[in-house]
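Here's the letter readout for the chains.
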Amino acid sequence: MSTEITSEFVWHNIPPRPRDSHKGSFGTVLAVAGSAYYRGAALLAAEGALRTGAGIVTLASVEPVLAAAVARLPECCLCPCVVGARRRHLTGEHSTAPAPEGDGAAAGPRALAVDSPAAQAARPKARTLVQKLLPGFAGSAVLDADGLNAAAQLLAEGKTLPHPAGELIVTPHPGEMARLTGLSVAQINADRENTACQYAEKWNAVVVLKGCRTVVAAPDGRVCTNPTGNPGLARGGSGDVLAGMTAALLACGLPAYEAAACAVYLHGAAADRAAAALGEYGMLPHDILSQLGRIFAENHR
């Protein structure tokens, strides 16, 4: 039997920042996101992480994405990724995890977000990326969008779901969950809580099954549903914001189940405010970000 995520649960797990905090207090997020065709998705994920409190956010992507990030997000660190180069890279046959430069690099990133859809031709490289990057990652990770598609291909081939050294969160919508499990969307939606719980245990991962009343399930049997959010979220980019938010809370030190539940609740609450101001038809995913800041300000005075 699931519980409902509450505001009290969220703010118990996200306390006010101590006065002697510094950027190292809130961890580092490495966001592996974007392609030449999907530049905005990477920016939404990176800004979602920044707006949710991560101390340092590094975006690892191709140059067209990084050029856009420089203009929009000067706070974001950048890690160029080159296809087929002999130097450090993230795509292709010999993918390796980059080490972000600057303060905190010695400890490495605490949270990894593999996000953003890629062109169909690039999906074999995405699969290689997930297969090689996750097992070598020392922190916890969030798989969204093309990271999930890559995981689905591995599972379909009879391989196990790759895990980092820390905890793993997967954030599928019902269509992605269908590809991961082999179930139909109708079967998944008919029993969302039990489906999420079953695969959370099977994959040893926190499953965030998105949709109306998003379900968050942990491998140990804990499960909760989210009361916030509205149909204004039903557009491309909303999930990218959520992936970045979830990774930020992991970087700040929350365990995976708590990070996922808090991110889902805050994502929906910010969307409810955006809908109140702009309407469900008129709101856009980036409107969530400004409303998110107001929610933090009101609860951490």
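See above for the structure.
Residues numbered from 1 in each chain as written. Predicted model: local features only at pLDDT ≥ 70, side-chain atom pairs only at ≥ 80, totals over all residues. Heavy atoms only, no water.

**Student:** Now, about the overall build of the protein chain: what can you tell me, with residues and values included?
**Tutor:** Looking only at helices and strands, the protein chain has 11 helices and 10 strands in total. Relative to its full complement of 301 residues, the protein chain shows a buried share of 54%. Of the roughly 13,100 Å² of accessible surface on the protein chain, a fraction of 53% belongs to carbon and sulfur atoms. (Helix = DSSP H or I, 4+ residues; strand = E, 2+ residues; numbered from the N terminus. Buried < 20%, exposed > 50% of the residue type's maximum accessible area, 1.4 Å probe, protein only. Areas by Shrake-Rupley, 256 points an atom, 1.4 Å probe, with all protein chains shown as cover.)

**Student:** A description of the state of the cysteines should follow, citing residues and the corresponding values.
**Tutor:** Two cysteines whose sulfur atoms are joined by a covalent bond form what is called a disulfide. Summed over all chains, the structure comprises zero disulfides. Its sulfur unpaired, cysteine 79 is 4.9 Å from the next cysteine sulfur, which belongs to cysteine 81. (Disulfide = S-S within 2.5 Å.)

**Student:** Which residues make up the sheet that holds strand E1 (residues 3–4), and what values do they have?
**Tutor:** Read from one edge to the other, the open sheet built from 10 strands follows the order E1-E10-E9-E8-E7-E6-E5-E2-E3-E4, with strand pairing classed as mixed. Of all the strands in the sheet, the pair left with one neighbour each is E1 and strand E4 (77–80). Relative to strand E8 (residues 206–209), strand E7 (residues 168–170) runs parallel, the two sharing two bridges. Pairing of isoleucine 169 across the sheet is with valine 206, part of E8. Running at roughly 170° to strand E6 (residues 140–143), helix H9 (residues 238–251) makes contact with strand E2 (28–32), strand E5 (111–114), E6 and E7 of the sheet. (Pairing = 2+ DSSP bridges. Contact = heavy atoms within 4.5 Å. Axes fitted to C-alpha atoms, helices over the stretch in contact; angles between N-to-C directions.)

**Student:** Talk me through the pattern of salt bridges; I want residue IDs and the actual numbers.
**Tutor:** Counted under the stated rule, the structure contains nine salt bridges. What you see here is one network of salt bridges that share partners, running through Glu47, Arg51 and Arg72. (Salt bridge = Lys/Arg side-chain N within 4 Å of Asp/Glu carboxyl O.)

**Student:** Tell me what's going on with helix H11 (residues 285–299), and back it up with residues and numbers.
**Tutor:** The α-helix advances 3.6 residues per turn, and as a result positions three or four apart in sequence lie on the same side. End to end, H11 covers 22 Å across 15 residues, agreeing with the expected 21 Å (1.5 Å per residue, within 8%). Looking only at H11, the buried set comprises Pro285, Asp287, Ile288, Leu289, Gln291, Leu292, Ile295 and Phe296. Taken together, the buried residues of H11 touch helix H1 (7–13), helix H2 (39–51), H9 and helix H10 (256–278). (Expected span 1.5 Å × (residues − 1).)

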